[in-house]
Amino acid sequence: MALYETLARHYIDDIKAQRLPAGSRLPALRTMAKQHQVSMTTATKAYDYLQQTGWIYAQPQSGYFVANQIEATSFPSLDIKSIEQRDPKRFAPLNGYNPASALFSPLGTSMISPELQPSVALQRSIKRVTQRAGKHLFQYPETQGDKGLRSALAEHFRHNNLAFSAADFVITNGCIDAVRLAIESVTKEGDTIAISSPCFSGLLDLLSTLSRKVIEIPIHDNGLDLDHLETLLQQGLIKASLFSTSNMNPTGMTLPVEQKQALATLAAKYKTPMIEDDVYFELSHQKQQTLPAKYWDKEGFVIWCGSFSKTLAAGLRLGWCVPGRYLTPYLNQHALS
């Protein structure tokens, strides 16, 4: 263990034992370095480590303070693994799972505060694009969407070690539209789709509207119950699956790498499409971007959906999809919308 980690562990032990309660002020960097007879570099690394792991926080021009600690909780476990094909319409609240109302607080909707968005820069960029577009602004784009945008997406994801070409993408009207088209491309009314339990309420509304049935796959502390999912695949009880895999709403969980890889493997093994709703893909607090299940999809059974709504501007209603082997039926559905 590095010296800075040993030093950080000293403070973590004091915080855990409540010898340093929440809100306590920690020594200044120079004071801490002198007390422990370490270099300023080591002291800085120790405090950086404590901040990154959530034990302390820095307040500009005031110093470092002990953060409030949230007690670890466990997901409730389902003792009985249900194989009942449920109609989400039967269990929907009166106004749907995710109602829109002036009196409704949208706790199920993830949005970045407009004050934190690059609104001025975005407005200038839109102005430049419209000026350069000329007559093309008044023409329909290709069925897959503007090639320039698709090329920009491919370049963007290459920075995250995801290798796609412009031809792999289809531009959609937001992520929920991308997911809708995926559902309609690989299933029909009355078919059953595996979903996580819990899952985003908006997906339940979508499945209700499309008259699809669902079977719930429980989420535990270590992620999805993949054994239960494979049982359903073996028995042919589902036509597709629909999962979020990173920064999931409402649990906040990101599935472990092993589970994401396993989802892609199961989709290929049973030749059953998996729709990956990855709208929260880029909202991680980690320095290293997580990879989607699509990364391990070598045979095209994972349909990867996302949008710019959570990272750029929700009002643009711009989304995208990488349909894999389902590109042709996906484009057929897209042409009808």
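Residues numbered from 1 in each chain as written. Predicted model: local features only at pLDDT ≥ 70, side-chain atom pairs only at ≥ 80, totals over all residues. Heavy atoms only, no water.

## Description of the overall build of the protein
Then, in step 1: A count of helices and strands for the protein gives eleven helices and ten strands.
Then, in step 2: Burial statistics for the protein: of 337 residues in total, 44% are counted as buried.
Then, in step 3: Residue pairs in contact within the protein that sit at least 24 positions apart in sequence constitute 67% of those at least 6 positions apart.
Then, in step 4: Taken as a whole, the protein presents about 19100 Å² of accessible surface, with 52% of it coming from carbon and sulfur. (Helix = DSSP H or I, 4+ residues; strand = E, 2+ residues; numbered from the N terminus. Buried < 20%, exposed > 50% of the residue type's maximum accessible area, 1.4 Å probe, protein only. Contact = heavy atoms within 4.5 Å. Areas by Shrake-Rupley, 256 points an atom, 1.4 Å probe, with all protein chains shown as cover.)

## Structural notes on the pattern of salt bridges
Then, in step 1: Under the defined criterion, the tally for this structure stands at eight salt bridges.
Then, in step 2: Residues Asp14 and Arg19 are paired through a salt bridge, measuring 2.8 Å at the closest nitrogen-oxygen approach.
Then, in step 3: Taking relative accessible area as the criterion, Asp14 reaches 15% and is therefore assigned buried.
Then, in step 4: Arg19 sits in the exposed class, given a relative accessible area of 54%.
Then, in step 5: Ionic pairing is found between Asp191 and Lys188, a salt bridge with its closest N-O pair at 3.4 Å. (Salt bridge = Lys/Arg side-chain N within 4 Å of Asp/Glu carboxyl O.)

## Considering the sheet that holds strand β4 (residues 192–197)
By way of backbone hydrogen bonds, the strands of a sheet pair with one another, either parallel or antiparallel.
Then, in step 1: With mixed pairing, the eight strands of this open sheet are ordered in space as β3-β10-β9-β8-β7-β4-β5-β6. At either end of the open sheet lies a strand with only one pairing partner, and these are β3 (170–172) and β6 (223–224).
Then, in step 2: Inspection of the sheet shows strand β7 (residues 240–243) paired to strand β8 (residues 274–277) by three bridges, in the parallel sense. Within β8, the residue paired with Leu242 across the bridge is Ile275.
Then, in step 3: Helix-sheet contacts for helix α6 (residues 147–158) involve β3, β9 (302–307) and β10 (319–322), and the interaxial angle to β3 is about 105°. (Pairing = 2+ DSSP bridges. Axes fitted to C-alpha atoms, helices over the stretch in contact; angles between N-to-C directions.)

## Observations regarding a nonpolar patch on the surface
Then, in step 1: A contiguous nonpolar patch, built from Ile112, Leu116 and Leu283 and spanning about 260 Å² of accessible area, is present on the exposed surface.
Then, in step 2: Here Ile112 is to be found in the loop between α4 (88–91) and α5 (119–133).
Then, in step 3: Since its relative accessible area comes to 34%, Ile112 is described here as partly exposed. (Patch = residues over 30% accessible without salt bridge, like charges linked within 9 Å, V, L, I, M, F, W, Y side chains within 5 Å.)

## Side note on the nonpolar core
Then, in step 1: In this structure, Val179, Ile183, Leu229, Leu242, Ile275 and Cys305 are the most contacted members of the largest nonpolar core, which totals 54 residues.
Then, in step 2: In terms of residue count, the dominant contributor to this core is helix α7 (residues 175–186) (seven residues).
Then, in step 3: Apart from the residues within four sequence positions on either side, Leu229 is in contact with Ala194, Ile217, Ile238, Phe243, Leu263 and Leu266.
Then, in step 4: Among the nonpolar cores identified, the runner-up in size contains 19 residues, and Leu7, Tyr11, Leu50 and Tyr64 belong to it. (Core = buried A, V, L, I, M, F, W, Y, C linked by side-chain atoms within 4.5 Å.)

## A few points about the packing of α7 against helix α11 (residues 327–336)
Then, in step 1: The N-to-C vectors of α7 and α11 enclose an angle of 115°; their axes lie 9 Å apart at closest approach. By crossing handedness, the relation of α7 to α11 is classed as right-handed. On the side of α7, the interface is formed by Asp177, Ala178, Leu181, Ala182, Glu184 and Ser185, while α11 contributes Pro329, Tyr330, Gln333 and His334.
Then, in step 2: Among the residues forming the contact of α7 with α11, the class breakdown is five nonpolar, three polar and two charged. (Left-handed = near helix turned anticlockwise from the far one by under 90°. Nonpolar A, V, L, I, M, F, W, Y, C, P; charged D, E, K, R; others polar.)

## Observations concerning the packing of aromatic side chains
Then, in step 1: Applying the stated criterion across every chain, the model contains 15 aromatic pairs.
Then, in step 2: Where Tyr4 meets Tyr49, the ring centres are 6.2 Å apart and the plane angle is 70°; that geometry is what we call edge-to-face. Linking Tyr4 in helix α1 (residues 3–16) with Tyr49 in helix α3 (residues 40–52), this pair joins segments that are 45 residues apart in sequence.
Then, in step 3: The exposure class of Tyr49 is partly exposed, given its relative accessible area of 24%.
Then, in step 4: Their ring planes at 25° and their centres at 5.8 Å tell us that Tyr57 and Phe65 sit as a pair that is stacked. (Phe/Tyr/Trp six-rings, centres within 6.5 Å; stacked < 30°, edge-to-face > 60°.)

## Examining the side chain of Ser197
Then, in step 1: Checked against the element boundaries, Ser197 lands in strand β4.
Then, in step 2: Within the structure, Ser197 has its side chain in polar contact with the side chain of Glu216 (distance 3.0 Å).
Then, in step 3: If sequence neighbours within four positions are ignored, Ser197 has contacts with Glu216, Ile217, Pro218 and Ile219. (Polar contact = N/O pair within 3.5 Å; in protein donor to acceptor, adjacent residues only side chain to side chain.)

That is the geometry; function is a separate question.
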